[in-house]
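# Coordinate inspection notes
Chain residues, written in single-letter form:
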Amino acid sequence: DTAVSQTPKYLVTQMGNDKSIKCEQNLGHDTMYWYKQDSKKFLKIMFSYNNKELIINETVPNRFSPKSPDKAHLNLHINSLELGDSAVYFCASSSSTGVIGELFFGEGSRLTVL
Amino acid sequence: AQSVTQPDIHITVSEGASLELRCNYSYGATPYLFWYVQSPGQGLQLLLKYFSGDTLVQGIKGFEAEFKRSQSSFNLRKPSVHWSDAAEYFCAVGAIGSGGGADGLTFGKGTHLIIQP
């Protein structure tokens, strides 16, 4: 079983569209994250949720809206997509009671905006 | 604010040769340091971590890293690389946050490792 799974793995869409990426973890972790990896491989945290509550909200446009329906899921919805949103988006999870800071990553969702 | 610098964007090493990837960090308190590896088309996998104690830490796949507080460094090493080690390597620094766990990690920009036959 995949520990952290994201869908879809690839997403190609037009500017102005709205899209969502889903993430699920079966590790029993209580903290989940979204990271963005740009074309130069730079990884930057976007959001962090702990027990469904927003902990970190880095400076990202409010077109990006995360939603955590329960501890095991953290979805990312993006409105009015722009060319600069093209990137690989990684979901990750960690446990606040386990090994501190050890993140488990999904395989990424490659978003291409045309 | 914490930051991580990986000064080498690309490194090319011959198969069987030794490897050292450099990482320097900036953090106000005792850092929690990590090395992750990203194979092409994959997510990141934890190689090793340092929280406290012995400054030489062992990880998976034969990797080790040494924490040097005086140099603010956490370099990754491997005595003999294999072709399967070709990947992107990320150094990261983390902290305990109000969430009770790490408030995410700050990553360096990565080092792309190329293995020559």
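Being a predicted model, the structure only gives us computed values, none of them experimental.

This model, assessed by the stated rule, comprises two disulfides over all chains. Across the disulfide, Cys 23 of chain A is cross-linked to Cys 91 of chain A (sulfur-sulfur distance 1.9 Å). Linking Cys 23 of chain A and Cys 91 of chain A, the disulfide has an S-S dihedral of approximately -75 degrees and is accordingly described as left-handed. Within this pair, whereas Cys 23 of chain A is found in strand β3 (residues 19-25), its partner Cys 91 of chain A is found in strand β9 (residues 87-94), the two being separated by 68 residues in sequence. The pair formed by Cys 23 of chain A and Cys 91 of chain A is uniform in burial state, with each residue classed as buried. Linked covalently through their sulfurs, Cys 23 of chain B and Cys 91 of chain B form a disulfide whose S-S length is 1.9 Å. Looking along the S-S bond of the Cys 23 of chain B-Cys 91 of chain B disulfide, the torsion reads about -65 degrees, which is the left-handed sense. You can see Cys 23 of chain B sitting in the loop between β3 (19-21) and β4 (24-26) and its partner Cys 91 of chain B sitting in strand β10 (residues 87-96), a full 68 residues away along the chain. What makes Cys 23 of chain B buried here is its relative accessible area of 0%.

Moving on, we come to the nonpolar core. The biggest cluster of nonpolar side chains holds 26 residues, and the ones touching the most others in it are Leu 19, Trp 35, Leu 47, Leu 48, Phe 74, Leu 76 and Tyr 89 of chain B. With near-sequence residues (within four places) excluded, Leu 76 of chain B lies in contact with Leu 19, Glu 20, Leu 21, Trp 35, Leu 47, Leu 48, Phe 63, Glu 64, Ala 65 and Tyr 89 of chain B. Formed by 19 residues, the second largest nonpolar core is a distinct cluster that contains Cys 23, Trp 34, Phe 47 and Leu 74 of chain A.

Turning our eyes to something else, we now look at unusual backbone geometry. Between Thr 7 of chain A and Pro 8 of chain A the backbone carries a cis peptide bond, its omega angle lying at -5 degrees. Within the secondary structure, Pro 8 of chain A sits in the loop between β1 (4-7) and β2 (10-13). At Ser 80 of chain A, a position not held by glycine, the phi torsion is positive, near 45 degrees. By secondary structure assignment, the location of Ser 80 of chain A is in the loop between β8 (73-78) and β9. Positive phi outside glycine occurs at Ser 72 of chain B, with the angle close to 50 degrees.

Conventions used here
Every chain's residues receive numbers from 1 upward, in the order its sequence appears when written. Note on labels: chains are lettered from A, ligands numbered from 1, in written order. The predicted origin of the model limits local features to residues at a pLDDT of at least 70 and limits the giving and counting of side-chain atom pairs to 80 or more, whereas totals for whole chains, interfaces and linings rest on all residues. No hydrogens and no water enter the side-chain calculation; it runs on all heavy atoms of the structure. Here, two cysteine sulfur atoms that lie within 2.5 Å of each other are counted as a disulfide. Secondary structure elements follow DSSP: runs of H or I no shorter than four residues count as helices, runs of E no shorter than two count as strands, and numbering proceeds from the N terminus. Partly exposed residues are those whose accessible area sits between 20% and 50% of the maximum for their type, while under 20% is buried and over 50% is exposed, using a 1.4 Å probe and protein chains only. Nine residue types can take part in a nonpolar core, namely buried Ala, Val, Leu, Ile, Met, Phe, Trp, Tyr and Cys, and a core is a set of them joined through side-chain atoms within 4.5 Å. Here a residue-residue contact requires only that any non-hydrogen atoms of the pair lie within 4.5 Å.

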